[in-house]
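One letter stands for each residue in the lines below.
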Amino acid sequence: MTTLQQILPGAVVAPRDTGLRRASRALRPARTLPGALVALTLTAGLGATAAEVVSALLGAPLGWVPVDEAVALAGRTTWQDTASVALLPAVAGTLMLLLAIVPGRCSLVPVETSDPLIVIGITRSGLRRTLCAAAQQVAGVDKARVRLRRRTIEVTVTTGAESSGQMLRQVGTAVGDRLAGVGTLGTGEVVVRLRRRGA
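Attention here is on the structure that accompanies the text. (Residues numbered from 1 in each chain as written. Predicted model: local features only at pLDDT ≥ 70, side-chain atom pairs only at ≥ 80, totals over all residues. Heavy atoms only, no water.)

Examining the overall build of the chain
Regarding its fold elements, the chain presents 7 helices and 5 strands. Of the regular secondary structure in the chain, the N- to C-terminal order runs α-α-α-α-α-β-β-α-β-β-α-β. For the chain, with 199 residues in total, the buried portion stands at 20%. Expressed as a percentage of contacts within the chain between residues at least 6 apart in sequence, the contacts between residues at least 24 apart total 55%. Counting only carbon and sulfur atoms, one obtains 63% of the accessible surface of the chain, whose full area is about 14,100 Å². (Helix = DSSP H or I, 4+ residues; strand = E, 2+ residues; numbered from the N terminus. Buried < 20%, exposed > 50% of the residue type's maximum accessible area, 1.4 Å probe, protein only. Contact = heavy atoms within 4.5 Å. Areas by Shrake-Rupley, 256 points an atom, 1.4 Å probe, with all protein chains shown as cover.)

The following block contains the structure:
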């Protein structure tokens, strides 16, 4: 019993760290490639500038960075002239911040585990293949296609002209059982669509 439940009897406290939230956080793709590119670019540019400044202070400029031309350009440029040029780095910096803050689309679907310290995921293509195989095991199904939507799993089955609504229920049950067997988290409800052959 938590402290809040002791103070307020009957109060429902939602778990802060559910399995789905924990798995989604852990399986979120890292922004390593954009971060590495930005870090390497900044390191190279600032390192060359620092080397140029130190060598110029020692009396033997390297010539890597055109310092004299930059000083001359700064001397004849006004603040109004630089406003449009300064907009480009500001926009680039904002885009880099958004790229770092907004998470990418996770390519893995979290799977439920009994140990809260273990996070497992299955690829979206692997889950589609697994559910497609489950749907095709139903008698009368010629072909099946699975789409993973944000809140639903859409299964489209192609059958002969003699198919019925009973088959839709069987496909839904087969796909639901396979989902329960895999133990995926947050996949939503299963929607089965029927497409007759030749339609």
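The structure having been displayed, the exposition proceeds.
Structural notes on a positive patch on the surface
Residues K143, R145, R147 and R195 make up a contiguous surface patch of positive charge. Of all the elements, strand 3 (residues 141-148) adds the most residues to the positive patch, at 3 residues. For R195, the position within the fold is in strand 5 (residues 189-196). Note on R195: relative accessible area 41%, which makes it partly exposed. (Patch = residues over 30% accessible without salt bridge, like charges linked within 9 Å, V, L, I, M, F, W, Y side chains within 5 Å. Salt bridge = Lys/Arg side-chain N within 4 Å of Asp/Glu carboxyl O. Lys, Arg positive; Asp, Glu negative; His and termini not counted. Charge placed at Lys NZ, Arg CZ, Asp CG, Glu CD.)

Observations concerning the environment of G176
Take G176: it is sitting in helix 7 (residues 165-182). Spatially, the C-alpha atoms of G176 and V190 are 7.0 Å apart, while their sequence positions differ by 14 residues.

A closer look at the nonpolar core
Counting 20 residues, the largest nonpolar core has V155, V157 and V171 as its most contacted members. When neighbours within four sequence positions are excluded, V157 is seen to be in contact with A135, V141, K143, A144, L168, V171, V192, R193, L194 and R195. (Core = buried A, V, L, I, M, F, W, Y, C linked by side-chain atoms within 4.5 Å.)

Some thoughts on the packing of helix 6 (residues 124-136) against helix 7
For the pair helix 6 and helix 7, the least separation of the axes is 8 Å and the interaxial angle reads 140°. Classified by the angle between their axes, helix 6 and helix 7 sit oblique to one another. Note that helix 6 runs across helix 7; the crossing there is right-handed. Residues L127, T130, L131, A134 and A135 of helix 6 form the contact with helix 7, whose own contacting residues are V171, A174, V175, R178, L179 and V182. (Axes fitted to C-alpha atoms, helices over the stretch in contact; angles between N-to-C directions. Parallel < 35°, antiparallel > 145°, perpendicular 65-115°, else oblique. Left-handed = near helix turned anticlockwise from the far one by under 90°.)

Digging into the pattern of salt bridges
Oppositely charged side chains can pair when the atoms bearing their charge come close. Evaluation of the coordinates by the stated rule reveals 2 salt bridges. Among the ionic contacts, a cluster of salt bridges with common partners joins R149, E154 and R193.

Regarding the sheet that holds strand 4 (residues 152-159)
Here we have 3 strands laid out as an open sheet, ordered 3-4-5, and mixed in their pairing. The open sheet is flanked by strand 3 and strand 5, the only strands paired with a single partner. Averaged over all adjacent pairs, the angle separating strand axes in this sheet is 20°, with direction ignored. Sitting on the sheet, helix 6 touches strand 3 and strand 4, and the angle it makes with strand 3 is about 150°. Sheet strands in contact with helix 7 are strand 3, strand 4 and strand 5, and its direction is about 140° off that of strand 5. (Pairing = 2+ DSSP bridges.)

A short note on helix 7
Between the first and last C-alpha of helix 7 there are 26 Å, a value that for 18 residues agrees with the 26 Å anticipated at 1.5 Å per step. The set of residues buried in helix 7 consists of M167, V171, V175 and L179. Each buried residue of helix 7 lies within a common arc of 110° when the element is viewed along its axis, so the set occupies one face. Seen from the open side of helix 7, the exposed residues pointing more than 90 degrees away from its buried face are R169, D177, A180 and G181. (Expected span 1.5 Å × (residues − 1). Arc of directions from axis to C-beta.)

Read these as spatial facts, not as claims about activity.
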